[in-house]
Amino acid sequence: MGFIRRLFSEPEKRDLTSECLRRYLPTCDVCGRLLHDGHRYVEIASIVLTGDKRQSTKGFFDAIRDRHWKTLRSFPEFEGGEDDLVAYLILCPQGSGSVVTVLDPVELYANPQCQTIDPISASEVNDILPLLGDAEWRPA
Ligand SMILES: [Zn+2]
């Protein structure tokens, strides 16, 4: 990951991911509250979009659709020097949530773009949480 990109990734700088999530989802589809009202998010998986990634990209989206969280967690491929597809878990204040996928372009001034959103129940959230280890939560 390059120095400048690392600067942009630091929590005290602008959080482009949070801005992207709020733009895409100003009000949470699941709980009806504003996204910046008590929601937190965490990266749960990513995949690099270079070369022939069609098969693994399909596997990435299939894992989300089928709620195969262990499979999804086996895609921790983030590379700052490439376009990445990143899956985030957004947690609602009352325990349910959403899995949102974001295209994170390598181009420094290109904004991340949200691709899909899958609302998930509190019990599905509880299936994911033990798989996350010490993943870093941020305010949405
Ligand atoms: Zn919510």
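This text gives an overview of the structure that appears in the document. Each chain carries its own residue numbering, running from 1 in the direction its sequence is written. Totals for whole chains, interfaces and linings use every residue, but because this is a predicted model, local features are given only for residues with pLDDT of at least 70 and side-chain atom pairs only at 80 or more, for both listing and counting.

1. As for the overall build of the protein chain
Part 1 of the argument: Each helix is a run of DSSP H or I of at least 4 residues and each strand a run of E of at least 2, with the numbering of both proceeding from the N terminus. The secondary structure content of the protein chain amounts to five helices and five strands.
Part 2 of the argument: Counting helices and strands in the order they occur from the N terminus, the protein chain gives α-α-β-α-α-β-β-β-α-β.
Part 3 of the argument: Buried means a residue has 20 or more other C-beta atoms within 10 Å of its own C-beta, exposed means 12 or fewer, and partly exposed covers the counts in between; C-beta atoms are placed from the backbone. Within the protein chain, the fraction of its 140 residues that count as buried is 26%.
Part 4 of the argument: Residue pairs in contact within the protein chain that sit at least 24 positions apart in sequence constitute 65% of those at least 6 positions apart. What counts as a contact here is a pair of residues whose C-beta atoms, placed from the backbone, lie within 7 Å.

2. Focus: the environment of Ser18
Part 1 of the argument: By the secondary structure assignment, Ser18 is in helix α2 (residues 16-24).
Part 2 of the argument: By the C-beta count within 10 Å, which is 19 here, Ser18 ends up partly exposed.
Part 3 of the argument: Measuring from C-alpha to C-alpha, the distance between Ser18 and Arg138 comes to 8.4 Å, with 120 residues separating the pair along the chain.
Part 4 of the argument: The residues touching Ser18, leaving out its near neighbours within four places in the chain, are Arg138 and Ala140.

3. Focus on helix α3 (residues 54-65)
Part 1 of the argument: Working rule for helices: expected span equals 1.5 Å times residues minus one. Compared with an ideal rise of 1.5 Å per residue, which puts 12 residues at 16 Å, α3 spans 16 Å between its outermost C-alpha atoms and is within 8% of the ideal.
Part 2 of the argument: All of the buried residues in α3 are Phe60, Ala63 and Ile64. Projected down its long axis, α3 carries its buried residues within an arc of 100 degrees, all on one side. Exposed residues pointing more than 90 degrees away from the buried face of α3 are listed as Arg54, Gln55, Lys58, Asp62 and Arg65.
Part 3 of the argument: On its buried face, α3 sits against β1 (40-48), α4 (69-73), β2 (84-91), β3 (97-104) and β4 (113-120).
Part 4 of the argument: A positive backbone phi angle near 60 degrees is found at Arg67, which sits one or two residues after α3. By definition, the arc is the one covered by directions from the helix axis to the C-beta atoms.

4. Concerning the nonpolar core
Part 1 of the argument: Defined on buried residues, the nonpolar core groups Ala, Val, Leu, Ile, Met, Phe, Trp, Tyr and Cys residues joined through C-beta atoms within 7 Å. By size, the foremost hydrophobic cluster in this structure holds 28 residues, and its most contacted members are Ile44, Leu72, Ala87, Tyr88, Leu89 and Ile90.
Part 2 of the argument: For this core, the secondary structure elements donating two or more residues are β1, α3, α4, β2 and β3.
Part 3 of the argument: The greatest single-element share of this core, amounting to seven residues, is contributed by β2.
Part 4 of the argument: The residues contacting Tyr88, other than those within four sequence positions of it, are Tyr41, Val42, Glu43, Ile44, Val100 and Val102.

5. Structural notes on the environment of Glu43
Part 1 of the argument: Among the secondary structure elements, Glu43 is positioned in strand β1.
Part 2 of the argument: C-beta crowding within 10 Å serves as the criterion here: with 19 such atoms nearby, Glu43 is assigned to the partly exposed category.
Part 3 of the argument: Each C-alpha atom of the pair Glu43 and Arg73 lies 9.9 Å from the other, and the pair is 30 residues apart in sequence.

6. Describing the sheet that holds strand β5 (residues 138-139)
Part 1 of the argument: Strand order in the open sheet formed by five strands is β4-β3-β2-β1-β5, with antiparallel pairing between adjacent strands. What marks the edges here is a single partner per strand, and that holds for β4 and β5.
Part 2 of the argument: By the convention used here, strands pair only if DSSP detects at least 2 bridges between them. Of the strand pairs in this sheet, β1 and β2 are connected by eight bridges, and their pairing is antiparallel. Of the residues in β2, the one forming a bridge with Ala45 is Ala87.
Part 3 of the argument: Lines fitted to C-alpha atoms define the axes here, with helix axes fitted over just the stretch in contact, and angles between the N-to-C directions of these axes take values from 0 to 180 degrees. Across the sheet, α2 is in contact with β1, β2, β3, β4 and β5; its angle to β4 comes to roughly 70 degrees.

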